[in-house]
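One-letter residues, chain by chain:
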Amino acid sequence: MPSGPATLGDFSVLPVSIPPLPSFPNKDVFHYLYVRRNTPKIPTPNDTRSLFLTNVPADSTEVHLRALFASLVGAGRFESAVFEGERKDARSQSQSPIDAATPASAARLLQAHSKKRKREDEEAERAREEAAARLPSTWTRPLRRSGSTAVVLLADKKSVEQVLKAIAKVHKTRKYPTWGGNLPEGRVPPLGSVWLKAHNRLSYPDKQALQASVDAFSLLYARREQEAAEIAKRLRNEPDEDGFVTVTRGGRAAPASRNEAEEAKRRMLEKEEKKKQELINFYRFQLRERKKAEQAELVKRFDEDRRKLEAMREKKGKFVPEA
Amino acid sequence: MDSHPGKRRKLDHARDGAEVTLESGLSTGISRSRAFVLEAEELLASVRLDYGISFEGADNLLHQIKGIVEAIKSHEPLPLLEAASKLEKKHKIRVPFPEPRPQESCNYKVAFATPAQFNVVGSYVSKTMVKTQKSRAVDMVIVLPEGILQEKDYLDLRYFYKRAYYLAVVASAVRKELGSDARLSYERLNGNPLCPVLAIQPNTSQQQEAGSSGDRGDLDYRVRIIPCAPDGFFPKSKLSLGASLVRKGREGHSDASARPTPFYNSTLVAESCFLPYLKVLRQAEKKCAAFKAACILGRIWLQQRGFGGDIAQGGFGHFEWAVLLALLLQGGESKGHAALSASLSSTQLFKALVQFLSVTNFAEKPCVFGPGKPELEAHLESGPVLYDSARKLNLAFKMGPWSAALLHQHAKWTRRLLVDSTADHFSPTFILRSDFAPHSFDLIARLSCEWASDEIDADAWGLPWQLGSKVYKILNKALADKEMGERARLIHVTTPASPPWPVTEGSKDPKTLPLEIGVLFDPVNMSRTVDRGPAAGPSAQEKEECAKFRNFWGDKAELRRFERDTIRETLVWTSKTPFDLCEEIMRYILGRHLHIGHLHNEISIYGNKLPAMLSLGPADSALFNVAKKAFDAFERDVRDLDDLPLRVRQIAPICPELRYASVNLPAFLSSKSGPRPLECIISFEASGKWPESVVAIQRTKIAFLLMIGSLLESSKPGEIKTHVGVEAAQFETENLAFLDVVYESGPSFRLRIHSDLEESLLEREVKDKTLEQYLRQRATTQLATFRRLYTNLPLHNQYISTCATRFPALSPTIRLVKHWFNAHKLSCHFTEEFIELAVLHVFLAPYPWDAPSSASTGFMRTLLFLARWDWRSEPLIIDTGGDMPAIDRTSIATRLEAWRKIDPNMNHTVLFVATAQEPSGTAWTTVKGEAKPSKVVATRMTSLAKSASRVIREQGLNLDSRRLFVPSLKEYDVVIHMNSKVLKSTLKTYAAVDPEAEAEGTENAGWAKFKNLDERTGLEPLPLAQHPAELFLEHLTAVYGGALVFFRGSVDDHTIGAIWNPQMQRRSFRINLPTSYKPVAGKKPSKDGGDEGSDDEEDLVNLNKDAILAEIARIGGDLVDRLEVKGAEV
């Protein structure tokens, strides 16, 4: 039976009973979820009807949580769940291909001078393109990092209260919800060997689909590149708000490739180096300085050896032949 | 000064050449040798013995003994045997007569008189003993008075009988006077059966000492009383090496008289040379200040190589070293000039002597000191010759030809080390022990001597020695024949040492102990199965040679015809591996000539058990070559594609199967699993067409792969199938896909595309200061991954394969060491490349030995290296090209120091392995920005290697090598047992079969019933993107990385060990917990009994172990059979 407080700080503790498995037949195993109202640093309109969960089990899915909340407050209250790493602003999330598709040189220009594109239809368009360019996932079901968090969106504000009350009640009635209890049949892909096999199969997606995704991406990329070029061209002639003209690379025709610029720089450095080489040992002071440097080097090395010896001496046994 | 400016300038120019040499010295060797000098000085200081403490009371004891001996009453001559039995009756002291014992019929008499002279000799007077010596002896010689000897005593052991009697009288007196103060025993001087000496060990004083000064306990010396002949008493001209001085055989036969008795003669000369050599050494000490220190260095060098003055230890000890050095200081050149200058320093003298020993092989050519050129060639037959013509003594008389060869070899190895400007000179020379036979020899045989006939040679070197010498001669001819190509580089025989025995008993015969024979292979020649002997021609000379050959090899020799119509005597052996060949030859030839091996327990052979662990066979390299050929064919197929938009520059293999280094042999067409493709990378000619964005490059690569795939399929329809796989990438900027090419005939390959633009883009991102920190960090790890995959791995593959052909033993050694890592469940924490490099290091810097020539020596030395490697402060530098400048080495060491300063807890960088191509040092030990292995695991590796090395040394030849590969599961907190059947089923997946549907299908049981109805029959399984067991472990590590450390061996290992991270225990609650925690019970003390008074604080949480294990069970599903928890506590 779980023991311990019903609350930890402003979190309510929700013990969840874990059913035994043949490979780990321990009974009386409990997992503890910590639940509180969601209060993110940057508030969103949905905060009042969402809950913040931490220490979610590693095999959690939305279906699992839905079943859990259904057992607490009945069906129909649970709307969705967003797990750690899935939230939109999270840095760990994989970059969306549409952002990544922007050519590096253009990214900064776009950032600085992008128009406010916040219209609804553009958003939808973007989502569609993103989906087309994204590679297929190779897992039927992801695992969560142990001890990670999730945000659960409920139907309304009242449901939040009810859930918290139900959790408090659980401690009194000692009727703990069961993890993975009354899951709908077939909604959750199994783990174990099937899961691994499915992964192997998904790792080799259909060639046509793959080709289509690549094509979608290249289309997008080409468009972005063109846009960027246009912006760059425009910016070259237009003073900004403060009256400055942005300096962009390249001649009149097109911005120069960064590679070419680097190549040119390397050549220049090489030339300089060669010039320098020719003058080595030309003056007497150079010889003298070289000799001085060599002597200093010798002294330095000697000191280094000394120091190393000191260090060896500190570690006992270095100077005693092995018996 | 400035009056001749012109001259000065000229001088400057003239010095330019010298400067150049100085500079080159700087960059290569000078620093090393200076470090060597400093280290050697430090060594001398730390091994120096405090004589006042260690030999407390020795001088008193010596005086006391002198007094006792002087007080012995002399007596008139008595017949020998009568005197001996009288002594035994009266004092219960046996006379230690050498074998053969005097006959009843001998009629000469022995007497006793006060010794002519007492003297203390040896390293006690010269103060050259060291702390690490096994036993310390104070040698006191007593010179027999001339009155009791006769000139003809040099014949037939008469002198030695008299000497033995004299010693027994002294022993009786000493025992009477000293009583229980000392323990007395006889021992043989340097194991020489002719020369027993009396050892007196102070008894009570030691106990007192131990009582007073507790831990010192090194008052462990003994005084040896050595009777000897007066200088010049016996005419040395009659004692020459060729003389035959033992004329009466044991049974009185005189037929032995024809044989010369070099050992006997030299012993007799040595008997009268104690004082002359004392003088020589004294002079050298006076003349050369560093002489003593050089002797100490020599003593340590010899001691670490197992050499000593004892016959069983090779007969070349500190005394021989010192005398040789003294002679070289006196004059060693042919014109009488000193070979070495007295003003040299101790390390210089040491190096010079090592050099001398490495160039003079006195087993093959006599080496003579001093004036005169005696004819000594003939005596080489009986042993090596190192002749001091001033004292007419063969200094090497106690050495067998094998020990001279071994000494020569060791000197050569040490010399090679000392001229290698890059290696660490000091510790292989003085610190490491290299006398352990399994580390040095590829095959060791034990030969019991019990069978040997009692037929004793006239000469007196004892039975084991005689036998050893016979065996050596036969084996040397059989295995090291220059005409046929030397199979063995070195053959060594170890004779058993003779232990001391009590004065009341006769000496024990060491006959029961076996001889040990060590063979060092020439790996190329040893694997030869057909030996070509002399050509069978018509000429008399050829006929004679053939007859000799047949005589030696017996029935094994047969005539065979070879190319160009030559007919030769031939030996054909049936074994395949070098080891088995050597064993076959040894058994055959010893059986033929010595009738050994007819009873099976006479010879036992060791050294092959380790390779048998993996059933390494001679056909292995052929299988690797098959894989290599398949790869070549694949490369050709890709290069032949015409429609590729870019030209292929290179296709490089990057997997262990294609560099002779995988534990399992590359196998195609396995029915048990989908194809496991061999990894390669492909790079194209430089092109400006790559898009200027890493993400876009990755997508372009996919398009490229799709194109290569379809082109390959259409170029060889039906033969090739291709699959494009999606990589488990976290970010869009990582490599996203690979192409698996599966040949119908079996081989399969995985191709990844290298784009050089990607590297420069990543580099730019790393350097871009305007980017956010986390992006730069990510770019840094990606760049490291990129370089490992596309730059380092192809190079690594290349030089491991090159080295595998250069060192035949490398490939089996690597596989054996990997097997060891697997067995101890370490390999999931190490990159295979690291293990390969560690083994390669043992081959490239093998000091103090040569590169290993068999898998078992290579394996044991690798373990020794891993056990000794102090990775906290030393980088592992592998000089693959053999020409890494010292500057690079120091910069690598500096880099390690810098890492340790930044990261003293070693969270990011633990092992540091640098090569010439990869000087950053972390390519093989850091994966995705994390240390692989972590500090904990690296420590575990070291301790495992240490205990393995200890077991190897303790068990010696009786080692059961399986013991080295048994993991102890007890140490793990949790052991996850996987279901092997289920695991096997995961190895096969099909594009057309949905595994979930399949799982349901099997439940319905209608599926597998009829093979022909099973829709899987005839389907091609998909290749394995990654081994499922590996994936499972990766996921567990990702989910529980903080809380549990997992250990697993190879992918076929069905148990995973895990240890709870001790830092993850009870802590206060916060939002981002590192793993699953449960609240600590608020009111009552927690279950774990950890009530530290903090129970009142409510927000404490504890690790929820059960919930974590239950989660693992759920994730594993049917894959996990059972979770075994240590102690089985709930």
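Residues numbered from 1 in each chain as written. Chains lettered and ligands numbered in written order. Predicted model: local features only at pLDDT ≥ 70, side-chain atom pairs only at ≥ 80, totals over all residues. Heavy atoms only, no water.

- Where an unreviewed UniProt entry is consulted, chain B appears under the name U3 small nucleolar RNA-associated protein 22, with the organism given as Chaetomium strumarium.
- You can read under Sequence similarities (unreviewed entry) in the UniProt record for chain B the words "Belongs to the NRAP family."
- The UniProt entry for chain B carries the following text under Subcellular location (unreviewed entry): "Nucleus, Nucleolus". (UniProt positions renumbered as here; feature names shortened; annotations may be inferred.)

- With an unreviewed UniProt entry as reference, chain A is termed Ribosomal RNA-processing protein 7-domain-containing protein, source organism Chaetomium strumarium.
- Comment text from UniProt for chain A, heading Sequence similarities (unreviewed entry), reads "Belongs to the RRP7 family."

**Details of the overall build of chain B**
Phase 1 of the analysis: Along chain B, the regular secondary structure elements total 35 helices and 34 strands.
Phase 2 of the analysis: The buried share among the 1130 residues of chain B stands at 57%.
Phase 3 of the analysis: Within chain B, residue pairs in contact and separated by at least 24 positions form 72% of the contacts whose partners lie at least 6 positions apart.
Phase 4 of the analysis: As displayed, chain B has an accessible area near 48800 Å², and 51% of this comes from carbon and sulfur atoms. (Helix = DSSP H or I, 4+ residues; strand = E, 2+ residues; numbered from the N terminus. Buried < 20%, exposed > 50% of the residue type's maximum accessible area, 1.4 Å probe, protein only. Contact = heavy atoms within 4.5 Å. Areas by Shrake-Rupley, 256 points an atom, 1.4 Å probe, with all protein chains shown as cover.)

**Re the UniProt feature "domain: Nrap protein" (unreviewed entry) in chain B**
Phase 1 of the analysis: According to UniProt, the positions carrying the feature "domain: Nrap protein" (unreviewed entry) are residues 138–287, 290–432, 440–594, 620–804, 807–967 and 969–1122 of chain B.
Phase 2 of the analysis: Helix makes up 49% of residues 807–967 of chain B and strand 6%. Its end C-alpha atoms lie 30 Å apart.

**A closer look at the interface of chain A and chain B**
The extent of an interface is frequently quoted as the accessible surface area lost upon association of the parts.
Phase 1 of the analysis: On the side of chain B, 120 residues touch chain A, which itself brings 95 residues to the contact.
Phase 2 of the analysis: Roughly 9100 Å² of surface becomes buried between chain A and chain B when both sides are summed, with 59% attributable to carbon and sulfur atoms.
Phase 3 of the analysis: Summed over the shared surface of chain A and chain B, the result is two salt bridges.
Phase 4 of the analysis: Between Arg-1114 of chain B and Asp-59 of chain A there is a salt bridge; the shortest N-O distance is 2.5 Å.
Phase 5 of the analysis: Counting the contacts that link chain A with chain B gives 25 residue pairs in polar contact (both at pLDDT 80 or more).
Phase 6 of the analysis: Counting residues per element, the side of chain A that touches chain B draws most heavily on helix 9 (residues 284–314) of chain A, which supplies twelve residues. (Buried area = accessible area lost by both parts, 1.4 Å probe. Salt bridge = Lys/Arg side-chain N within 4 Å of Asp/Glu carboxyl O. Polar contact = N/O pair within 3.5 Å; in protein donor to acceptor, adjacent residues only side chain to side chain.)

**Focus on the packing of aromatic side chains**
Both the distance between ring centres and the angle between the ring planes are used here to describe each pair of aromatic rings.
All names here are of chain B.
Phase 1 of the analysis: The final tally for this structure, using the stated rule, is 55 aromatic pairs over all chains.
Phase 2 of the analysis: Taking 4.4 Å as the distance between ring centres and 20° as the angle between the ring planes, the aromatic pair formed by Phe-112 and Tyr-166 counts as stacked. A residue pair is termed long-range when its members are at least 10 positions apart, and Phe-112 in strand 2 (residues 109–112) and Tyr-166 in helix 8 (residues 158–178) qualify at 54 residues. Tyr-166 shares its class with Phe-112; the two are buried.
Phase 3 of the analysis: When the ring of Phe-233 is compared with that of Phe-234, the centres are 5.2 Å apart and the planes differ by 80°; the resulting orientation is edge-to-face.
Phase 4 of the analysis: Arg-778 extends its terminal NZ or CZ atom over the ring of Phe-731, reaching a point 3.8 Å from the ring centre. (Phe/Tyr/Trp six-rings, centres within 6.5 Å; stacked < 30°, edge-to-face > 60°. Lys NZ or Arg CZ within 6 Å of the ring centre and 35° of its normal.)

**Section: the state of the cysteines**
Residues and elements named next belong to chain B.
Phase 1 of the analysis: Under the criterion given, the structure shown has zero disulfides over all chains.
Phase 2 of the analysis: The thiol of Cys-367 is unpaired, and the distance to the nearest cysteine sulfur, on Cys-273, comes to 17 Å.
Phase 3 of the analysis: The class for Cys-367 is buried, based on a relative accessible area of 11%. (Disulfide = S-S within 2.5 Å.)

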